[in-house]
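Observations on the model geometry
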Amino acid sequence: MAAGTLDGMEITEFIETLRLDGGLLADAAEEAGPDAPVPACPEWRMRDLIRHVGRVHRWATEIVTQEAQQPSRSAEAPDLADEELAGWLREGHHHLVLALHSAPQDLRAWSFWPSPSPLAFWARRQAHETSIHRADAQQAAGTPLTPLPSAFAADGVDELLTGFHHLDRSGLRTDVPRTLRVRATDAPGAEWTVHLSPAPPHAVRTGTGGNASAAEAGKPADCTFEGPAEELYLALWNRLPLDAITVTGDGTLAQLWRERGGV
């Protein structure tokens, strides 16, 4: 399945979200301090989050600017003093935004899964990577989460379901076939049916304009996750408890998500 964007979001929209959330992430990191624990990643302190995001940004920048055809290992973060970390994060983020802004539309580069284009993949992936970790930093700082547009949040759910959980490494497996329906209540067409089995999950868009037949879209699911797109996005990425959304049906599938839904 080509994991294209849910509602045709433009590359420029993803880059702008990346630009804004990267700045907010660095601001929250400075406010929280390097020793602040990161609630969604209990083994991390803020300095670990900064190093992770800084490495990912530089790794993505290298792939885009060098038009790399094969995956490479991200470089280790330099041995910086705590007071240098936020500046290092901002520098890497700035170079990533510039790289994506200046990349050609016909960029040829490796990506995780089939997408409309490598440039669309990297703009989208880094926007969501940064958005989720911006939420981490704001939670660590104890500040309110910056609201996300419902279209962007719904697209993040789509990327998670049709991208990450379409890969062999997904831990969402069941002994017998089961179905999970995921629905954003404030984003048109934002509904998916996830087919679970001993094989990797297979998610299809069952909302308006989706890639499923009308018959499949109308079938009841074993369990349903439903809520506003932003809450759904954060809950499925384990940045909010599943209690933040409405869960109906077979509770064992909700427990499966809590235990195996991480990527």
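Figured I'd write up the structure that's included with this text. (Residues numbered from 1 in each chain as written. Predicted model: local features only at pLDDT ≥ 70, side-chain atom pairs only at ≥ 80, totals over all residues. Heavy atoms only, no water.)

What to know about the packing of aromatic side chains
Here is the rule we go by: Pairing of aromatic rings covers Phe, Tyr and the six-membered ring of Trp, with a centre-to-centre limit of 6.5 Å; geometry is then stacked below 30 degrees between planes, edge-to-face above 60, and tilted otherwise. Helix and strand definitions here come from DSSP, where helices need a minimum of 4 consecutive H or I residues and strands a minimum of 2 consecutive E residues; each element is numbered from the N-terminal end. Working definition: with a 1.4 Å probe on protein chains only, accessible area under 20% of the residue-type maximum means buried, over 50% means exposed, and in between means partly exposed.
As enumerated under the stated definition, the model contains 16 aromatic pairs in all. On the basis of an interplanar angle of 65° and a centroid distance of 6.1 Å, the ring pair of Trp 59 and Trp 110 is categorised as edge-to-face. In this pair, Trp 59 is assigned in helix H2 (residues 46-66) and Trp 110 in the loop between helix H3 (82-102) and helix H4 (118-141), connecting sequence segments 51 residues apart. Overall, Trp 59 belongs to the buried group, its relative accessible area being 15%. Both rings, one in Trp 110 and one in Trp 122, keep their centres 6.1 Å apart while their planes meet at 50°; by these two values the pair is tilted. Here Trp 122 lies in helix H4 and Trp 110 lies in the loop between H3 and H4, a separation of 12 residues in the sequence. An aromatic cluster is defined as three or more aromatic residues linked by ring pairs; in this entry it consists of Trp 59, Trp 110, Phe 112, Trp 113, Phe 121, Trp 122, Phe 164 and Trp 237.

Observations concerning the environment of Leu 160
Our working rule: Should any heavy atoms of two residues lie within 4.5 Å, those residues are considered in contact.
Inspection of the secondary structure puts Leu 160 in helix H5 (residues 150-162). C-alpha separation for the pair Leu 160 and Trp 44, spaced 116 residues apart in sequence, amounts to 22 Å. Once residues within four sequence positions are removed from consideration, Leu 160 is found in contact with His 165, Leu 236, Trp 237, Trp 257 and Val 263.

Let's talk about the sheet that holds strand E3 (residues 178-184)
Within a beta sheet, neighbouring strands are joined by backbone hydrogen bonds and run either parallel or antiparallel to one another. To keep things clear, this is the line we draw: Here, any two strands with at least 2 DSSP bridges between them count as paired. Axes here mean lines fitted to C-alpha atoms, for a helix over just the part in contact, with angles spanning 0 to 180 degrees between N-to-C directions.
Ordered in space as E5-E4-E3-E6-E7, the five strands form an open sheet in which the pairing is mixed. Only two strands of the sheet have a single neighbouring strand rather than two, namely strand E5 (202-205) and strand E7 (246-249). The sheet shows a mean angle of 20° between the axes of neighbouring strands, direction not considered. In terms of strand pairing, E3 meets strand E4 (residues 191-196) through six bridges, oriented antiparallel.

Regarding the side chain of Arg 239
Worth spelling out the cut-off: In protein, a polar contact means a hydrogen-donor-capable atom and an acceptor-capable atom, both N or O and within 3.5 Å, with residues adjacent in sequence counting only if both atoms are side-chain atoms; elsewhere, any N or O pair within 3.5 Å suffices.
Relative to the helices and strands, Arg 239 resides in the loop between helix H7 (229-236) and E7. Side-chain polar atoms of Arg 239 contact the side chain of Asp 136, separated by 2.8 Å. Once residues lying within four places of it in the same chain are set aside, the contact partners of Arg 239 are Ala 40, Cys 41, Ile 132, His 133, Asp 136, Gln 139 and Leu 234.

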